[in-house]
Every structure is written in C-alpha cells, then in structure tokens.
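The residues making up each chain are set out below.
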Amino acid sequence: MNIPTKSSTVQKIKADIGNLDVEPIVEKVVVTMYNDFPFLEEKFGEKGKERTIEDNFYHFLYLNTAYKLNDTQTFVDYVMWLNSVLVSRGLKTDMIIYNFEKIQENMTGMLDKKVEESFVSYLDDGIQALKEYKQESE
C-alpha cells in the first residue's frame, strides 16, 4: 500500500512537529488500519485514506503540544473534538480508540523514551475519555 505523506497539510504538520519523526509510525498505523478494516477503502476511497494519514499526523501534533505544555487535558480536549467530527462523518468512536491503540503499539521504541512514555499516557487518557463518552451515550 502506497502511503502518500507529501500533501501540503502533512508537510505543514511535520513542520509544526519539528524534529519528531513520526512518519514511519503513521505509515505503519495506516497500513494496519486499512488491512484490518478493508471497508474503510470501500467506504471512504483514496480521499479517506489521505484524511486518515493527515488525522494521524494531527494526533501526533496534539500529543506533542500536550507534551510541550505538560498538559494531558490539551490532548483529551482534542480527542473529544475529533470524536464529534469523525462520528458526524460516519466513523464510530471504536475506530478512534482502535487508531490510538495502534499508535501506542507502533511507536514502541521509535521515539525518545520520555516522549514515548508521555504519549502513551496521553493516549491512555484519550482512550479512557472516549470509552466514558461512549458508555454515557448508549
């Protein structure tokens, strides 16, 4: 699967992230998602894949922002906003949770240890917030 990470949006996000090289992680996550859920390509097409790539770079942008601010809530607020947007576009909250779990799995050993530990913690908090939201919504 060819992962197009050269869009202007991705390039802007990479510039904002700075020296944090997350492209290999994003590529692994997106390939895994599309292999595990072929309906994504059927339902959303190539544009959907491009948005998934961009979304994953945005996840890292917000993780990095939370890290720089030492503020978990920054990431949790982003997660809840993201959930409202993606659910309105036909994705389920479970897919966002799955995406965050795949990020956690695929970034192991790929980043500075302190950064990785913080990102895992922020992702855990984001996943927990989504699970609580989902439970309250049912």
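Okay, so let's go over this structure. Values in this document were obtained by computation on a predicted structure and should not be read as measured data. (Residues numbered from 1 in each chain as written. Predicted model: local features only at pLDDT ≥ 70, side-chain atom pairs only at ≥ 80, totals over all residues. Heavy atoms only, no water.)

## Topic: the packing of aromatic side chains
Throughout the structure, instances matching the rule amount to eight aromatic pairs. Each ring, one from Phe37 and one from Phe39, has its centre 6.0 Å from the other, and the planes form 80°; the classification is edge-to-face. Residue Phe37 is classed as partly exposed on the basis of its relative accessible area, which comes to 25%. Ring geometry for Phe75 and Phe100: centres 5.6 Å apart, planes at 50°, overall tilted. (Phe/Tyr/Trp six-rings, centres within 6.5 Å; stacked < 30°, edge-to-face > 60°. Buried < 20%, exposed > 50% of the residue type's maximum accessible area, 1.4 Å probe, protein only.)

## Brief notes about the nonpolar core
Ranked by size, the top nonpolar core spans 38 residues in total, and within it Val22, Phe60, Phe75, Phe100, Met107, Leu111 and Phe119 carry the most contacts. Contributions of two or more residues to this core are made by α1 (8-17), α2 (23-36), α3 (39-69), α4 (72-88), α5 (93-106) and α6 (113-137). A total of seven residues in this core trace back to one element, the largest contributor, which is α3. Excluding residues that lie within four positions of it along the chain, Met107 makes contacts with Ile25, Phe60, Glu116, Phe119, Val120 and Leu123. (Core = buried A, V, L, I, M, F, W, Y, C linked by side-chain atoms within 4.5 Å. Helix = DSSP H or I, 4+ residues; strand = E, 2+ residues; numbered from the N terminus. Contact = heavy atoms within 4.5 Å.)

## A look at the side chain of His59
You can see His59 is positioned in helix α3. Polar side-chain contacts of His59 include one of 2.7 Å to the side chain of Tyr78. The residues touching His59, leaving out its near neighbours within four places in the chain, are Phe75, Tyr78, Leu82, Asn99, Phe100 and Ile103. (Polar contact = N/O pair within 3.5 Å; in protein donor to acceptor, adjacent residues only side chain to side chain.)

## Let's talk about the packing of α4 against α5
Each pair of packed helices gets described by two things: the angle between the helix axes and the distance between those axes. Taken N-terminus to C-terminus, the directions of α4 and α5 make an angle of 135°; their axes are 9 Å apart at the nearest point. Comparing their axes, α5 and α4 come out oblique. The way α4 lies across α5 gives a crossing that is right-handed. Side by side, α4 and α5 meet where Phe75, Val79, Leu82, Asn83, Leu86 and Val87 of the first sit next to Thr93, Ile96 and Phe100 of the second. Classifying every residue of the contact of α4 with α5 by side-chain character gives seven nonpolar, two polar and no charged. (Axes fitted to C-alpha atoms, helices over the stretch in contact; angles between N-to-C directions. Parallel < 35°, antiparallel > 145°, perpendicular 65-115°, else oblique. Left-handed = near helix turned anticlockwise from the far one by under 90°. Nonpolar A, V, L, I, M, F, W, Y, C, P; charged D, E, K, R; others polar.)

## Digging into unusual backbone geometry
Most peptide bonds are trans, and most residues other than glycine sit at a negative phi. One non-glycine residue, Asn70, adopts positive backbone phi at about 55°. Given a relative accessible area of 67%, Asn70 falls into the exposed group.

## Quick notes on the environment of Lys92
Topologically, Lys92 is positioned in the loop between α4 and α5. Judged by its relative accessible area of 62%, Lys92 falls in the exposed class. Taking the C-alpha atoms as reference points, Lys92 and Asp55, 37 residues apart in sequence, are found 15 Å from one another.

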